[in-house]
Structure formats: structure tokens, C-alpha cells
Amino acid sequence: MNPADGLRAINEADQLASFEFAATFSSQGLRNVLQGIEPDMTELQAARLMGINGLPQCCPLMLSAGGRPP
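Residues numbered from 1 in each chain as written. Predicted model: local features only at pLDDT ≥ 70, side-chain atom pairs only at ≥ 80, totals over all residues. Heavy atoms only, no water.

Student: Which residues make up the overall build of the protein chain, and what values go with them?
Tutor: Scanning the protein chain from terminus to terminus reveals two helices and zero strands. In terms of overall dimensions, the protein chain is more spread out than a globule: its C-alpha atoms have a radius of gyration of 17 Å, far above the 11 Å expected for 70 residues. The dimensions of the protein chain, computed from C-alpha atoms along their principal axes, are 50 × 30 × 20 Å. Scored against the burial criterion, the 70 residues of the protein chain give a buried share of 10%. In the protein chain, 32% of the contacts between residues at least 6 apart in sequence involve partners at least 24 apart. Carbon and sulfur atoms make up 59% of the accessible area of the protein chain, which totals about 5,900 Å². One finds the centroid of the 4 positive side-chain charges in the protein chain at a distance of 7 Å from the centroid of its 7 negative side-chain charges. (Helix = DSSP H or I, 4+ residues; strand = E, 2+ residues; numbered from the N terminus. Rg over C-alpha atoms; globule rule 2.2 N^0.38 Å. Buried < 20%, exposed > 50% of the residue type's maximum accessible area, 1.4 Å probe, protein only. Contact = heavy atoms within 4.5 Å. Areas by Shrake-Rupley, 256 points an atom, 1.4 Å probe, with all protein chains shown as cover. Lys, Arg positive; Asp, Glu negative; His and termini not counted. Charge placed at Lys NZ, Arg CZ, Asp CG, Glu CD.)

Student: Give me the lowdown on the environment of Arg68, citing residues and values where you can.
Tutor: Relative to the elements of secondary structure, Arg68 occurs in the segment after helix H2 (43-48). Distance from Arg68 to Ala22, taken between C-alpha atoms, is 30 Å for residues 46 residues apart in sequence.

Student: Would you mind going over the packing of aromatic side chains in detail, with residue names and values included?
Tutor: Any two aromatic rings considered together are summarised by their centre-to-centre distance and by the angle between their planes. This model, assessed by the stated rule, comprises one aromatic pair. Taking the centre distance of 5.7 Å and the plane angle of 20° together, the rings of Phe21 and Phe25 count as stacked. Within this pair, Phe21 and its partner Phe25 are both found in helix H1 (residues 13-36), separated by four residues, close to a single helical turn. (Phe/Tyr/Trp six-rings, centres within 6.5 Å; stacked < 30°, edge-to-face > 60°.)

Scope: geometric values only; no functional claims are made or implied.
What follows is the structure, encoded as C-alpha cells:
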């Protein structure tokens, strides 16, 4: 990526606002899970705590629990 004229070298205010929203929303979703998770909760129940509802995320969603594979 060329720093002078490469892809995303120049961002507009609406792009930056969109990126910031996605990052903040994703971060709050993680906090919701950490504060609301309980023993014997399924992964789906824990993922629902994020409250995503189809809104954009700054990273792929992955939630897994349980012991480590052998």
C-alpha cells in the first residue's frame, strides 16, 4: 500500500465515523458478554448478549467455549 495514494490513504469523515461506530459497537458487545455470561450458558445464549442484530462489526464474530482440544 502506497502511503501517498494507496487504498484508504485518504478517508472522508463519514468513513471514519462508520469505522468508529463499528469498533465501538463491537467493543460494547464484548463487554455485554463478559458482564452477562453465566455458568452452563450455551455459546448461542452468550453470543445473543452481544446484541448485534445485523449491525456492522469491526471484526468477524467468533465465540467458543469449553475445554481445549487434545
